[in-house]
Amino acid sequence: MQLIGILGGMGPEAGIALSKNIICNTIADRDQDHLPQILYSVPESIPDRTDYITGKITENPGYQIANVLLQMESCGITVAAMACNTAHVPEIFDIIVSELVKNSSKLRLLHMIKETGKFIKEHYNDKKRAGILGTTGTYITRQYDIISEYGLTVLNISEKEQEQLQKAIYDPDFGIKANAGIIPPVTRKILNDSIISLIGKGAELIILGCTELPLVFSEPRFNGIPVIDPSVVTARALIKAHSPGKLKPWEE
């Protein structure tokens, strides 16, 4: 049996969300119609991606991520994705790919950022200015600049606003990572203010470029502006890669 794989734990809720997005985007009338998938969540094994990018730690998470992906492949997984935007920065992703090649892996690893660019080009081709929200690691490396290959101009919030958004994700008191299943009002306000700031700069759509942000805002639009969840995009890409005939038509 060929299995879909989700490398979770970055963070744990984001992996569950990606798994659920696969289910929600699969054509199925009964349990047996759904696709086989494994959520492989080993959060204690993978160093924090943003901590590595910002120099707080020296261990590149890419090596351990590759080890986990190889374990997943040994379970029968043939196509996989990571439930983490920041893990796709070149400094980390290139190491992952290199380690997989070194170990003669045949695993097909999808690239969340590139899939998001393809998705926007296919479904929102009239939109040209994309506002990006994510971790400070994503912000510093400008990893979403890659979607310029799909005709998009990238817009970012200010450094001061990014500091607040990082707290909304990581703060030990009100951050998303520290409050599983609970969204404090201050966290929601920071995200809303960040979206409003990007729209004010001319963003025609918003990309929630951290897999935890859709846990706070899950609506398809904000004041009429499309909001793109890369987790949903990646779920659809995994379905298409595994069983294209099972992919639901896109609807907001």
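Above this text is the structure in question.
Quick summary incoming for the structure in this document. (Residues numbered from 1 in each chain as written. Predicted model: local features only at pLDDT ≥ 70, side-chain atom pairs only at ≥ 80, totals over all residues. Heavy atoms only, no water.)

**A closer look at the overall build of the chain**
Where we set the bar: Secondary structure elements follow DSSP: runs of H or I no shorter than four residues count as helices, runs of E no shorter than two count as strands, and numbering proceeds from the N terminus. Radius of gyration: C-alpha atoms only; globule rule: 2.2 Å multiplied by the number of residues to the exponent 0.38. Buried means the residue's accessible area, taken with a 1.4 Å probe over protein chains only, is under 20% of the maximum for its type, while exposed means over 50%, and partly exposed covers the values in between. What makes two residues a contact is simply this: any of their non-hydrogen atoms within 4.5 Å. Computed with a 1.4 Å probe, the accessible areas rest on the Shrake-Rupley method; for each residue, only the protein chains presented here act as cover. When charges are tallied, Lys and Arg are placed among the positive residues and Asp and Glu among the negative ones, while His and the ends of the chain are skipped. To locate a charge, take atom NZ for lysine, CZ for arginine, CG for aspartate or CD for glutamate.
The secondary structure content of the chain amounts to nine helices and nine strands. For the chain, whose C-alpha radius of gyration is 17 Å, the value lies close to the compact-globule estimate of 18 Å for 252 residues. Summarising its shape, the C-alpha atoms of the chain cover approximately 50 × 45 × 35 Å along the three principal directions. Across the 252 residues in the chain, those meeting the buried criterion constitute 53%. In the chain, the share of contacts with a sequence separation of at least 24, taken over all contacts with a separation of at least 6, comes to 73%. Summing over all exposed atoms, the chain offers an accessible surface of approximately 11400 Å²; the carbon and sulfur share of this is 50%. Positive and negative charge centroids in the chain, built from 25 and 29 side chains respectively, lie 4 Å apart.

**A closer look at the nonpolar core**
Worth spelling out the cut-off: As used here, the term nonpolar core means buried Ala, Val, Leu, Ile, Met, Phe, Trp, Tyr and Cys residues forming a set that is joined through side-chain atoms within 4.5 Å.
By size, the foremost hydrophobic cluster in this structure holds 24 residues, and its most contacted members are Leu7, Met10, Ile65, Leu69, Met82, Ile96 and Leu109. Listed by contribution, the elements that provide at least two residues to this core are β1 (3-8), α3 (61-74), β3 (77-82) and α4 (90-102). Counting residues per element, this core draws most heavily on α3, at six residues. Core analysis: the second largest hydrophobic core is formed by 23 residues, Leu155, Leu165, Ile169 and Ala203 among them.

**Let's talk about the sheet that holds strand β2 (residues 37-41)**
Here is the rule we go by: In this scheme, strands are said to pair when DSSP sees at least two bridges between them.
Strand order in the open sheet formed by four strands is β2-β1-β3-β4, with parallel pairing between adjacent strands. Two strands in the sheet have a free side with no partner beyond their single neighbour: β2 and β4 (108-109). For β3 and β4, the ladder comprises two bridges, and the chain directions are parallel. Its bridge partner being in β4, valine 79 is matched across the sheet by arginine 108.

Nothing here speaks to function; it is geometry throughout.
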